[in-house]
Amino acid sequence: MVSYFHPVTPRLHEVFLNEKSQRFALFHSWLLSEVRVVDGINPRKAMADLEITIDSVYRWEVCKVSEKESFIRQLWKVCHRYLLSQRPEFVNISIPVDEIESGRLKENSSLAATSSNIDSLAILDKTNMQTIVGSERQIAELLNHIDQLLTESNKVENVLDTYDQILAHVKHGVEMMEVKAVLLGVCSNNRQRLTVELRDFLVALMSCDFADWLSVFTGARSGNVDDDVVPAKLKRLSRKTAHSARARHVLVPAVFDHT
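Residues numbered from 1 in each chain as written. Predicted model: local features only at pLDDT ≥ 70, side-chain atom pairs only at ≥ 80, totals over all residues. Heavy atoms only, no water.

The name an unreviewed UniProt entry assigns to the protein chain is Sec3-PIP2_bind domain-containing protein, from the organism Trichuris muris.

Draft legend 1. Representation of the overall build of the protein chain in the model. The secondary structure content of the protein chain amounts to 4 helices and 6 strands. Out of the 259 residues in the protein chain, the part that is buried amounts to 18%. Sequence-distant contacts in the protein chain: of pairs separated by 6 or more residues, those separated by 24 or more amount to 38%. In the form shown here, the protein chain has an accessible surface area of approximately 20,400 Å², with 59% of it arising from carbon and sulfur atoms. (Helix = DSSP H or I, 4+ residues; strand = E, 2+ residues; numbered from the N terminus. Buried < 20%, exposed > 50% of the residue type's maximum accessible area, 1.4 Å probe, protein only. Contact = heavy atoms within 4.5 Å. Areas by Shrake-Rupley, 256 points an atom, 1.4 Å probe, with all protein chains shown as cover.)

Draft legend 2. Fine view of the pattern of salt bridges. All told, the structure shown has 2 salt bridges when counted by the stated rule. Put simply, Asp 49 and Arg 59 hold a salt bridge, and the shortest N to O gap is 3.5 Å. One end of the pair, Asp 49, is in strand E4 (residues 49–53); the other, Arg 59, is in strand E5 (residues 57–61), and 10 residues separate them in sequence. Asp 49 gets classed as buried once you look at its relative accessible area, which sits at 19%. Across the pair Glu 51 and Arg 59 runs a salt bridge, and its minimum N-O distance is 2.7 Å. Residue Glu 51 is classed as partly exposed on the basis of its relative accessible area, which comes to 22%. Through salt bridges that share partners, Asp 49, Glu 51 and Arg 59 make up one connected network. (Salt bridge = Lys/Arg side-chain N within 4 Å of Asp/Glu carboxyl O.)

Draft legend 3. Structural context of the nonpolar core. Membership of the largest hydrophobic core comes to 18 residues, with the highest contact counts inside it found for Leu 12, Leu 32, Val 35, Ile 52, Ile 54, Trp 60 and Phe 90. Non-local contacts of Ile 52, meaning those with residues more than four positions away in its chain, are made with Leu 12, Val 35, Val 37, Val 57, Tyr 58, Trp 60 and Phe 71. (Core = buried A, V, L, I, M, F, W, Y, C linked by side-chain atoms within 4.5 Å.)

Draft legend 4. Representation of the layout of surface pockets in the model. The calculated volume of the second largest pocket comes to roughly 290 Å³. Along the walls of the second largest pocket sit Glu 14, Leu 50, Trp 60, Glu 61, Val 62, Cys 63, Glu 67 and Phe 71, which together make up its complete lining. Elements that contribute at least two residues to the lining of the second largest pocket include exactly E5 and helix H1 (65–82). Here the residues of the lining of the second largest pocket are counted per class, giving 5 nonpolar, no polar and 3 charged. (1 Å grid on protein atoms, 1.4 Å probe; cavity = no way out; pocket = protein on both sides within 12 Å on 5 of 7 lines; lining within 4 Å. Points joined across faces, edges and corners; volume = space filled by probe spheres on them. Nonpolar A, V, L, I, M, F, W, Y, C, P; charged D, E, K, R; others polar.)

Draft legend 5. How the structure looks around the UniProt feature "coiled-coil region" (unreviewed entry) in the protein chain. Sites flagged by UniProt as "coiled-coil region" (unreviewed entry) map to residues 132–159. With 100% helix and 0% strand, residues 132–159 has its two end C-alpha atoms placed 40 Å apart. (UniProt positions renumbered as here; feature names shortened; annotations may be inferred.)

Draft legend 6. Geometry of the pairing of strand E1 (residues 11–18). With 8 bridges connecting them, E1 and strand E2 (residues 23–31) associate as antiparallel partners. Its bridge partner being in E2, His 13 is matched across the sheet by Ser 29. Between E1 and the antiparallel strand that follows it, E2, lie 4 residues; Gln 22 among them carries a positive phi value of about 55°. (Pairing = 2+ DSSP bridges.)

Draft legend 7. Unusual backbone geometry, seen in detail. Even without being a glycine, Gln 22 presents a positive backbone phi close to 55°. Here Gln 22 shows up in the loop between E1 and E2. Classification of Gln 22 as exposed rests on a relative accessible area of 52%. Located in the positive-phi region is Ile 41, a residue other than glycine, with phi close to 70°. Note that Ile 41 resides in the loop between strand E3 (37–39) and E4. You can call Ile 41 partly exposed: its relative accessible area is 24%.

Have a look at this one:
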């Protein structure tokens, strides 16, 4: 709630008339809360004098009795309007009783309104406290839920990290299997080619004169044939074997093809 109330500090000023400038000038100034007693001196007799007790007793003389009564009446109204405490005491005054009673009634109504406002503020404070307590409870529950969600998210992250490690191992295994498959293909191809080469070699060997080959190897082993003669004989036998294999439509390895 926004309040537009501005505190008022009423003061009582004493002025005098400057004879040269014919203007009023400030002589004394007091806070109205510093005034202790306002004395009308004699309420039964029309007197233009009054006394005001502040730090000492000041006796003032007013030009007219009506002005004195008007001044006291206005001073009384200002004090009861702006001073909640430390009000001056008005004695020996002739202010009508109805005005005093109305002032007291206004004061009592103001006090009642203030009390009612205080009660309303107390209820509002209690409601606000309950709302704050409820909000704090909800905030605590929300923080607990957030902590639980963070814990669950950490668990999910750990599971995902484990899955990533497993996938990395699987990927490495697949790559190794691909490499092994390629190597197995190479080995199978080499085996097939070696089998063909050996088969052709054996066929070519069986198609030639085995006695000639045996004599060459036997002579080379026993030393009856010179070392220079053995290569020439092997070359002739290889050429003969190749011709014989071609005559039988047999594939001959390149080692026997010397034509």
